[in-house]
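What follows is each chain in one-letter form.
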Amino acid sequence: MTQFIRSSVPTEVIESARIDGCSEPAILTRIVVPFLMPAISTLGLISFLGSWNGYLLPLVTINKPELYTLPLGIANLSTVFRTDYSASILGLTLGTLPLIVLFLFGSKTLVRGLTGGAVKG
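Fair warning: this is a prediction, and the values are worked out from it, not measured in the lab. (Residues numbered from 1 in each chain as written. Predicted model: local features only at pLDDT ≥ 70, side-chain atom pairs only at ≥ 80, totals over all residues. Heavy atoms only, no water.)

Asks: It is not clear to me how the packing of aromatic side chains should be interpreted in this structure. Could you clarify?
Replies: We describe a pair of aromatic rings using the distance from one ring centre to the other and the angle between the two ring planes. Per the counting criterion, the structure on display carries one aromatic pair. Ring centres of Phe 48 and Trp 52 lie 5.4 Å apart, and the angle between their planes is 35°; on these two criteria the pair is classed as tilted. Residue Phe 48 and its partner Trp 52 are located together in helix H3 (residues 24-52), separated by four residues, close to a single helical turn. Taking the relative accessible area as the measure of exposure, Trp 52 reaches 26% and is therefore partly exposed. (Phe/Tyr/Trp six-rings, centres within 6.5 Å; stacked < 30°, edge-to-face > 60°. Helix = DSSP H or I, 4+ residues; strand = E, 2+ residues; numbered from the N terminus. Buried < 20%, exposed > 50% of the residue type's maximum accessible area, 1.4 Å probe, protein only.)

This is how it looks when you write it as structure tokens:
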């Protein structure tokens, strides 16, 4: 985020807003945040993906099987003596669909956010 802020928010725009009489909170909400939307959406998507795929922390902390996350639920479909491959594949497919939909809707800002902070200048 810091690298993206340094490279994407021009100081000239902020200075011109100050000259025009814009207050600091208005500069933040009306000027800086629209510049940061690709980075905010990228960070949100990556954070969501990390929590969506959480396995170890929910395995240790959750005791009730009805509160298991998706990876824990899919892992519990297999036992020592029997593995239900069709249910596992269905669970993996249903668990992947929301991520694909999020990526399809946010791919433009995701790519902009990933490449915007990586540019030196």
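That covers the picture; the talk isn't over yet.
Asks: For this particular structure, what's the right way to read H3?
Replies: In an α-helix there are 3.6 residues to a turn, and that puts residues three or four apart on one side. Given a rise of 1.5 Å per residue, 29 residues ought to cover 42 Å, yet the end C-alpha atoms of H3 are separated by just 36 Å, more than 12% below that figure. Taking the largest bend as the criterion, H3 deviates by roughly 55°, centred on Val 33, and proline Pro 34 comes between one and four positions later. Among the residues making up H3, those that are buried are Ala 26, Ile 27, Ile 31, Val 32, Leu 36, Pro 38, Ala 39, Thr 42 and Leu 45. (Expected span 1.5 Å × (residues − 1). Bend = angle between axes of the 7 residues up to and from the residue.)

So yeah, pure geometry; function would need other evidence.
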